[in-house]
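Observations on the model geometry
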Number of protein chains: 2
Amino acid sequence: MTSKNTLQSRLDYVFCRPVLLRRAMTHRSHSAPHNEKFEFLGDAVLNCVISALIFQRFPALKEGDLSRIRAHLVKQQTLCQIAQTLELAKDLRLGEGELRSGGRKRPSMLADALEALFGAIYLDGGFSAARAAIERLYAPILDHLDLKMSGKDAKTCLQELLQGRKIALPEYTVITTRGAAHRQQFEIQCTVPSLEIQARGRGASRRAAEQEAAARALAEIKRS
Amino acid sequence: MTSKNTLQSRLDYVFCRPVLLRRAMTHRSHSAPHNEKFEFLGDAVLNCVISALIFQRFPALKEGDLSRIRAHLVKQQTLCQIAQTLELAKDLRLGEGELRSGGRKRPSMLADALEALFGAIYLDGGFSAARAAIERLYAPILDHLDLKMSGKDAKTCLQELLQGRKIALPEYTVITTRGAAHRQQFEIQCTVPSLEIQARGRGASRRAAEQEAAARALAEIKRS
């Protein structure tokens, strides 16, 4: 049983062996056994889960783009952001010196502990448990990434996807242009005739609106 | 059904979706879809499985040693060795140019295809299937590594393990010394009284014999 305020409830995962969770939260400055080896394992588990997630989520992307996205998702800053959402700092077990020097807030400390936590979940519940937890924690970031990606190269993705299926390339048409010159708002329609897809996007530039339209067309194709 | 000579039988894994195996064996010089993205995925799967395997197999090792061993196990040379055991080259699908320039034997080509194969197994049968296949293929290497490790620092591993359990340190006794001075053969016994373990090792030096005895004592402890 977990109350609302425990790490396990925030994580939405209950450990069969809570000793593993305890160790994941224990920094070497506190006591042994500490979380360094869990971090070694968790780093590899995270890398694997993220690779599989983005492999499946972005079927049109090439290896180089997947590598770039993976690097973004497993870097310290992203891990730290998730650790903050989880309020991981509250549960860290640090030695006196680390506590005094603000270790609880140090990004590397939080990122390492989060990786150790993934290692602990792997040891406790296996790969599927670790994958599910990582997927839950990364969901908001991945959703946001979809948009960022679409602002970046959704047009390219869409083009590649259609070329791969030997389908005629999409057409982009301006539907409306609104606002004064310095605050224009574009609405663009992306049409893929042979798939009967018409998707619209808006943006402060023609390019941004096209990217959003392409992202929506892509999503449409993936759903069908 | 697979005959003795297929890659699937040598791999001891039968694909539900053979198209995935085919893609894993297809180099970009041959045709699309090729194996580059499978390699991206397989590399991460391999890294994760190897991390978990050595984490469990070498409980006394520290993070730095585990990292070193992992790097050894996933490097091109090791992958190439496994690819050769699997006779992977026979199944590679390469373009004309690659074939002519001896691509089938190029270490990087073989290593990449093996990683792609691990990615394909992950997609076909999930993490547990990939883990089982990797474990089978790495078994001889890990067994050899055990011995190499023991030739390297089994005494240290054993000492750390016993210290961790607050057990008295092992004693090493010379049992026999044979042969002429330049070809001596030592037999050493490693005794851990409180665990009732007596393990013997031989070697051309006292140190080598002690390491082998320590490795056997370690193995004994892990089995019990």
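All residue numbers refer to position in the chain's written sequence, counted from 1. Chains and ligands are labelled by the order in which they are written, letters from A for the one and numbers from 1 for the other. In view of the model being predicted, local features appear only for residues whose pLDDT reaches at least 70, and side-chain atom pairs are presented and counted only at 80 or more, with totals across whole chains, interfaces and linings using the full set of residues. To get the side-chain values, all heavy atoms of the structure are used, and hydrogens and water are removed first.

Looking at an unreviewed UniProt entry, one finds chain A named Ribonuclease 3, with Candidatus Glomeribacter gigasporarum BEG34 as its source organism. The heading Cofactor (unreviewed entry) in the UniProt record of chain A holds the text "Mg(2+)". Per UniProt, the comment on chain A under Subunit (unreviewed entry) is "Homodimer." UniProt positions are given in the numbering used here, feature names are shortened, and annotations may be inferred rather than shown by experiment.

**So, helix α5 (residues 76-85) of chain A**
Burial classification: accessible surface area is computed with a 1.4 Å probe over protein chains only, and a residue below 20% of its type maximum counts as buried, one above 50% as exposed, and the rest as partly exposed. A helix here means a DSSP run of H or I that spans at least four residues, while a strand means a run of E at least two residues long, and both kinds are numbered starting from the N terminus. For α5 of chain A, every residue scored as buried is listed here: Thr78, Leu79, Cys80, Ile82 and Ala83 of chain A. Two residues or fewer after α5 of chain A comes Glu87 of chain A, characterised by a positive phi angle close to 55 degrees.

**Things to note about the interface of chain B and chain A**
In this analysis, two residues are considered to be in contact whenever any of their non-hydrogen atoms come within 4.5 Å of each other. With 26 residues of chain B at the interface, the matching set in chain A holds 26 residues. Take the accessible area each of two parts loses on contact, using a 1.4 Å probe, and add the two losses: that sum is the buried area. Interface area, chain B with chain A, both sides summed: about 2,200 Å², of which 72% is carbon and sulfur. Considering only the surface of chain B that becomes buried against chain A, Lys37, Phe40 and Phe55 of chain B emerge as the three largest contributors, covering 35% of it. The salt bridge definition used is simple: a Lys or Arg side-chain nitrogen within 4 Å of an Asp or Glu carboxyl oxygen. At the surface where chain B touches chain A, the tally comes to zero salt bridges. Counting of polar contacts relies on pairs of N or O atoms within 3.5 Å, with two restrictions inside protein: one atom must be capable of donating a hydrogen and the other of accepting it, and residues adjacent in sequence are counted only when both atoms are side-chain atoms. In this structure, the connection of chain B to chain A is made through six residue pairs in polar contact (both at pLDDT 80 or more). Mapped by element, the contributors of at least two residues to the side of chain B that touches chain A are α3 (36-57), α4 (63-74) and α7 (107-164) of chain B. At 14 residues, the largest contribution of residues to the side of chain B that touches chain A is made by α3 of chain B. When residue character is reported, Ala, Val, Leu, Ile, Met, Phe, Trp, Tyr, Cys and Pro are called nonpolar, Asp, Glu, Lys and Arg charged, and the others, Gly included, polar. Residue composition of the side of chain B that touches chain A, by class: 16 nonpolar, four polar and six charged.

**Quick word on the UniProt feature "binding site: Mg(2+)" (unreviewed entry) in chain A**
Residues and elements named next belong to chain A. With numbering aligned to this structure, UniProt lists the feature "binding site: Mg(2+)" (unreviewed entry) at Glu39, Asp112 and Glu115. In terms of the greatest pairwise C-alpha distance, the residues named above, spread along 77 residues, form a tight cluster of at most 6.1 Å across. The exposure class assigned to Asp112 is partly exposed, which follows from its relative accessible area of 29%. As for its placement among the helices and strands, Glu115 is situated in helix α7 (residues 107-164).

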